[in-house]
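Structural description and commentary
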Amino acid sequence: MLSYQMFFQSNLISKVLAFTILALVASREYGIFLPSIEPIMLSDSSFKEEAKIFSLVQFYPVARAFLIGSCILVFIGVYPAITVTLLVIGFLFLDCYFANLTPEVWPNFFHLHFIGICCILLESLRYLEFPAMPASPEVFTTVYQVIFIQIGLIYFFSGLAKLIHGGVAWAHNAESLHLILLMRGSSLGKLILSRPFPRRMAGTGTIIFELFVPVLLFIPNGFVYLSISAFLFHMATYAFIRISFWHLWGFFPALIFEILRSSGRI
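Right, let's walk through the structure included here. If you're wondering where the values come from, they're calculated on a predicted model, not measured in any experiment. (Residues numbered from 1 in each chain as written. Predicted model: local features only at pLDDT ≥ 70, side-chain atom pairs only at ≥ 80, totals over all residues. Heavy atoms only, no water.)

1. Focus on the pattern of salt bridges
Per the counting criterion, the structure on display carries two salt bridges. Ionic pairing is found between glutamate 210 and lysine 162, a salt bridge with its closest N-O pair at 3.1 Å. With a gap of 48 residues between them, glutamate 210 in helix 11 (residues 196–212) and lysine 162 in helix 7 (residues 137–166) connect regions that are remote in the sequence. Given a relative accessible area of 17%, lysine 162 falls into the buried group. Of the charged contacts in the structure, one is a salt bridge between arginine 261 and glutamate 258, with a shortest N-O distance of 2.8 Å. (Salt bridge = Lys/Arg side-chain N within 4 Å of Asp/Glu carboxyl O. Helix = DSSP H or I, 4+ residues; strand = E, 2+ residues; numbered from the N terminus. Buried < 20%, exposed > 50% of the residue type's maximum accessible area, 1.4 Å probe, protein only.)

Listed below in structure tokens is the structure:
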């Protein structure tokens, strides 16, 4: 039986997940404005019937408070096997609801749900001693590697989608990049990418990077190279067109730390 203090120790990835969900749920951009306009949207006969069934106009403040409370408990490490499970289930319900409410504009947070399931597994293994962490660190390392594989596939399918829908012209003509630049480009982005050749190079580099990210996982310490290269990619993307995708790359330091810790290298 684990000691009582063990209940107050959560995996670092679980803490990052809690902080990420807290930042999303507590922000106005995530959902505060939706309940106020939901009655108007639900009055539209063209709106999906399933969204009407799962109306949260009256329950949204409670659901939001529940998630914020769960995030805080996970972050400070109170009974992580239980609180992480409650957090993941609660966020899954609320995020699926909002995704159905505004399917055309809602961002895809599938990676958060996937990482959440992995966190439930990690915390449950520690709590149930099945197996005990000191005896079988490779089990935990395997879970971390699965998370990195899923992250690698995010980049790969993003690059593949660009080729499927835009072909080589997506990079060569860089019209999509030019449009994004006009809509939300920074001063630095407009200065550097205002001409066709730099945009073409940026578009080509983006597709090459996204398609070949999974390859990094097949070389020694590839997870480190993936994390560093992806972080630099997102910093450049944010500097040029103000798209950060912070709710993905924020997990990289925690994943590296936990992999190194489980393998006994720190």
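2. A look at the packing of helix 11 against helix 12 (residues 222–241)
Packing of helix 11 against helix 12 brings their axes to within 12 Å, and their N-to-C directions diverge by 150°. It follows from the interaxial angle that helix 11 and helix 12 lie roughly antiparallel. Along this stretch, helix 11 crosses helix 12, giving a crossing that reads as left-handed. Along its contact with helix 11, which presents Thr206, Phe209 and Glu210, the element helix 12 presents Ser229, Ala230 and Phe233. Its residues assigned to classes, the contact of helix 11 with helix 12 shows three nonpolar, two polar and one charged. (Axes fitted to C-alpha atoms, helices over the stretch in contact; angles between N-to-C directions. Parallel < 35°, antiparallel > 145°, perpendicular 65-115°, else oblique. Left-handed = near helix turned anticlockwise from the far one by under 90°. Contact = heavy atoms within 4.5 Å. Nonpolar A, V, L, I, M, F, W, Y, C, P; charged D, E, K, R; others polar.)

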